[in-house]
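# Tertiary structure, described
For reference, the chains in residue letters:
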Amino acid sequence: MDRLELEDLKRILRECAGEDEGVDLDGDVMDLNWFELGYDSLAVLQTTGYIEREYDVLLDEEALDDSDTPRRYLAMVNEVLAAARAAV
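The model shown is predicted, which means the values in this text are computed figures rather than measured ones. Starting from 1, residues in each chain are numbered consecutively following that chain's sequence as written. Local features are withheld for residues below a pLDDT of 70 in this predicted model, meaning they are given only at 70 or higher, and side-chain atom pairs are given and counted only at 80 or more; totals for whole chains, interfaces and linings count all residues. Excluded from the side-chain calculation are hydrogens and water; included are all heavy atoms of the structure.

When its secondary structure is counted, the protein shows four helices and zero strands. Scanning the protein from its N terminus toward the C terminus, one meets helices and strands in the order α-α-α-α. On C-alpha atoms alone, the protein measures out to a radius of gyration of 12 Å, which is about the 12 Å that the 2.2 N^0.38 rule sets for 88 residues. Along the three orthogonal principal directions, the C-alpha set of the protein runs to about 40 × 25 × 20 Å. Evaluated residue by residue, the protein yields a buried proportion of 38% over its 88 residues. Every residue pair with non-hydrogen atoms within 4.5 Å of one another is taken to be in contact. Considering only contacts within the protein whose residues lie at least 6 apart along the sequence, 60% involve residues at least 24 apart. With the model as given, the accessible surface of the protein reaches about 5600 Å², and the carbon-plus-sulfur share is 47%. Runs of E in the DSSP output that reach at least two residues are strands. Runs of H or I that reach at least four are helices, and both are numbered from the N terminus. To get the radius of gyration, use the C-alpha atoms; to get the globule rule, take the number of residues to the power 0.38 and multiply by 2.2 Å. Burial classification: accessible surface area is computed with a 1.4 Å probe over protein chains only, and a residue below 20% of its type maximum counts as buried, one above 50% as exposed, and the rest as partly exposed. The Shrake-Rupley method, run with a 1.4 Å probe sphere, supplies the accessible areas, and residue values consider only the shown protein chains as cover.

Written out as structure tokens, the structure reads:
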């Protein structure tokens with residue numbers, strides 16, 4: 001897969017960490033931070049591990065620290081996917 005889309009990320013988050021009852025992931029979530037979405041750092045790490053295995057990439061731990069919203073996380077992941085695709 002060339003890109004990780006929001007729908008993919010939401011599916012993976014639900015699969016890896018579930019979904020908080022008070023949060024609607026189908027709403028406008030792109031700029032909400034992980035805490036507001038009901039996810040802690042462990043949930044994000046589980047999601048990251050899944051993505052690394054599924055997409056066969058290694059995500060930068062420092063970049064993960066700055067990826068505190070779905071928008072920033074998707075941008076970081078897609079940058080790594082693009083670089084991996086260009087290296088092939």
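As a further point, take the side chain of Ser67. Tracing the backbone through its elements, the reader meets Ser67 in the loop between helix 3 (61-66) and helix 4 (70-87). Overall, Ser67 belongs to the buried group, its relative accessible area being 4%. Among the polar contacts listed, one links the side chain of Ser67 to the backbone oxygen of Ala63, at a separation of 2.8 Å. Not counting residues within four places of it along the chain, the set of residues in contact with Ser67 comprises Trp34, Arg72, Tyr73 and Met76. Whenever a nitrogen or oxygen atom comes within 3.5 Å of another N or O atom, the pair is scored as a polar contact, on the condition that within protein one atom can donate a hydrogen and the other can accept it, and that pairs from neighbouring residues in sequence are kept only if both atoms are in side chains.

Moving on to helix 4. For the α-helix, the turn length of 3.6 residues means that residues three or four positions removed from each other point alike. Helix span, as expected, comes to 1.5 Å for every residue beyond the first. With 18 residues, helix 4 should reach 26 Å at 1.5 Å per residue; the first-to-last C-alpha distance of 26 Å fits that figure. Listing the buried residues of helix 4 in full gives Pro70, Tyr73, Leu74, Met76, Val77, Asn78 and Leu81. On the buried face of helix 4, the contacting elements are helix 1 (6-17), helix 2 (41-55) and helix 3.

When a carboxyl oxygen of Asp or Glu is within 4 Å of a side-chain nitrogen of Lys or Arg, the pair counts as a salt bridge. Taken as a whole and assessed by the stated rule, the structure comprises nine salt bridges. With its nearest N and O atoms 3.3 Å apart, the salt bridge here joins Arg3 to Glu5. Looking at Arg3, the relative accessible area reads 44%, which means it is partly exposed. You can call Glu5 partly exposed: its relative accessible area is 40%.

Each pair of packed helices can be described by the angle between their axes along with the distance between the axes. To get an axis, a line is fitted to the C-alpha atoms, and for a helix only the part in contact is used. The angle between two axes follows their N-to-C directions and goes from 0 to 180 degrees. At a minimum axis distance of 12 Å, the contact between helix 2 and helix 4 shows a crossing angle of 25°. By the angle between their axes, helix 2 is roughly parallel relative to helix 4. Helix 4 is crossed by helix 2, and the crossing has right-handed handedness. Listed contacts from helix 4 to Val44, Thr47, Thr48, Ile51 and Tyr55 of helix 2 are Tyr73, Val77 and Leu81. Along the lines of polarity and charge, the residues of the contact of helix 2 with helix 4 split into six nonpolar, two polar and no charged. Here the word oblique covers every angle except those under 35 degrees (roughly parallel), over 145 (roughly antiparallel) and from 65 to 115 (roughly perpendicular). Two helices cross in a left-handed way if the nearer one is turned anticlockwise from the farther one by less than a right angle. They cross in a right-handed way if the turn is clockwise. Three classes are used, and their members are as follows: Ala, Val, Leu, Ile, Met, Phe, Trp, Tyr, Cys and Pro are nonpolar, Asp, Glu, Lys and Arg are charged, and the others, Gly among them, are polar.

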